[in-house]
Amino acid sequence: MTEYAQEQEMEIEALEAIVMDEFKEIHSSESGLNTSSRCFQITITPQSFSIKLPQLFAVQLGLIFAHTEKYPDEPPLLNVTSIKGVQPSDLKKLKEKLVQEAYENLGMAMIYTLVSSAKDWLSDLYGQDDENDDTEDLEAIKDDVIIPHGEPVTVETFIAWRERFEAELAIERAKLMPESVLSAPKENKLTGRQWFESGKGRGAAPVNERSEEEDEEDIDFDDDDFDDEEEDMLEHYLAEKSNS
């Protein structure tokens, strides 16, 4: 292998590593070049900061090249073709530009330099359309954003709601209690909670009357019970807020 051939092979390996899927070897009959040497095509798309996939760009071109015997001391064979959306007149201008740059870079591996130049050229000429598309996409995303409305949940609003909720709950419990319980003397009257816990509020069988002292001994509320109840109320409150 000559020194030229070795340098050419190293450049091909480097291009495969850099441009990866955009690089491929093509048959000489597809290249448009008058050569039987190995021919390669690199797909070029405009520079863009969007997240578009290459196949979604409005324009794409293929930079085709083949190494000559003494490349890089002589320019490579070059051709450009439209993959999508590039006008023939623009391709002619680009090819002339790349040939001129090839002569300016003799003595060094230049294909990636030519690829970068073609990408900049394509971005300057056609990139504005993609930028407009990106702007439209961003505006569409903004339109889809749902701005939350309503009263924010704070400690104060929750406490106020809890007081209303407890009052409404007490009224509902009172409606279920029999008249005998409501009209009983104050010293013998059960609270709504005691009445429900005794089983009467759930349709249970009547229980024997007990002394107030026994009732006080049986009713033992842990702090955890109240904590659980507050958590349930908070969940109920948040559910009401989200539904409204």
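The structure this text deals with has already been given above.
Residues numbered from 1 in each chain as written. Predicted model: local features only at pLDDT ≥ 70, side-chain atom pairs only at ≥ 80, totals over all residues. Heavy atoms only, no water.

## Regarding the overall build of the protein chain
Next, step 1: Looking only at helices and strands, the protein chain has nine helices and four strands in total.
Next, step 2: Secondary structure of the protein chain in N-to-C order comes out as α-β-α-β-β-β-α-α-α-α-α-α-α.
Next, step 3: Looking at the protein chain as a whole, 28% of its 244 residues are labelled buried.
Next, step 4: In the protein chain, of all internal contacts separated by at least 6 residues, the share reaching a separation of at least 24 is 59%.
Next, step 5: When the accessible surface of the protein chain is summed, it comes to about 16900 Å², and 51% of that surface belongs to carbon and sulfur atoms. (Helix = DSSP H or I, 4+ residues; strand = E, 2+ residues; numbered from the N terminus. Buried < 20%, exposed > 50% of the residue type's maximum accessible area, 1.4 Å probe, protein only. Contact = heavy atoms within 4.5 Å. Areas by Shrake-Rupley, 256 points an atom, 1.4 Å probe, with all protein chains shown as cover.)

## Focus: the packing of aromatic side chains
Next, step 1: Scanning the model with the defined rule gives two aromatic pairs in all.
Next, step 2: An angle of 20° between the planes, with centres 5.4 Å apart, marks the rings of Phe23 and Phe40 as stacked. Taken together, the residues span a long stretch of sequence, with Phe23 in strand β1 (residues 23-26) and Phe40 in strand β2 (residues 39-44) at a distance of 17 residues. Pair check on accessibility: Phe23 and Phe40 agree, each one buried.
Next, step 3: Here the aromatic cluster, defined as three or more aromatic residues joined through ring pairs, consists of Phe23, Phe40 and Phe65. (Phe/Tyr/Trp six-rings, centres within 6.5 Å; stacked < 30°, edge-to-face > 60°.)

## A word on a nonpolar patch on the surface
Next, step 1: A contiguous nonpolar surface patch, about 260 Å² in accessible area, is contributed by Val99, Tyr103 and Leu106.
Next, step 2: Of note, Leu106 is situated in the loop between α3 (88-104) and α4 (111-144).
Next, step 3: Accessibility expressed as a relative area gives 34% for Leu106, which makes it partly exposed. (Patch = residues over 30% accessible without salt bridge, like charges linked within 9 Å, V, L, I, M, F, W, Y side chains within 5 Å. Salt bridge = Lys/Arg side-chain N within 4 Å of Asp/Glu carboxyl O.)

## Observations regarding the side chain of Ser117
Next, step 1: Turning to its location among the elements, Ser117 is positioned in helix α4.
Next, step 2: The buried category is assigned to Ser117, whose relative accessible area is 11%.
Next, step 3: At 2.8 Å, the side chain of Ser117 forms a polar contact with the side chain of Glu101.
Next, step 4: When near neighbours in sequence (up to four residues on either side) are disregarded, Ser117 contacts Lys97, Leu98 and Glu101. (Polar contact = N/O pair within 3.5 Å; in protein donor to acceptor, adjacent residues only side chain to side chain.)

## Topic: the pattern of salt bridges
Next, step 1: By the definition in use, this model includes three salt bridges.
Next, step 2: Measuring nitrogen to oxygen at the nearest pair gives 3.1 Å for the salt bridge that ties Arg38 to Glu25. Of this pair, Arg38 sits in the loop between α2 (28-31) and β2 while Glu25 sits in strand β1, and the two are 13 residues apart along the sequence.
Next, step 3: Residue classification places Arg38 among the partly exposed positions, given a relative accessible area of 42%.
Next, step 4: A single network of salt bridges, built from pairs that share partners, joins Glu9, Glu25 and Arg38.

## Examining the pairing of β2
Next, step 1: Where burial is concerned, most of β2 is hidden: six out of the six residues are buried.
Next, step 2: Burial of β2 is two-sided: the residues Cys39, Gln41 and Thr43 facing one way and the residues Phe40, Ile42 and Ile44 facing the other way are all buried.
Next, step 3: One ladder, built from four bridges, connects β1 with β2; its direction is antiparallel. Within β2, the residue paired with Phe23 across the bridge is Ile42.
Next, step 4: The sheet contact formed by β2 and strand β3 (residues 60-66) spans five bridges and is antiparallel. Each bridged residue has a counterpart across the sheet, and for Ile44 the counterpart in β3 is Leu61. (Pairing = 2+ DSSP bridges.)

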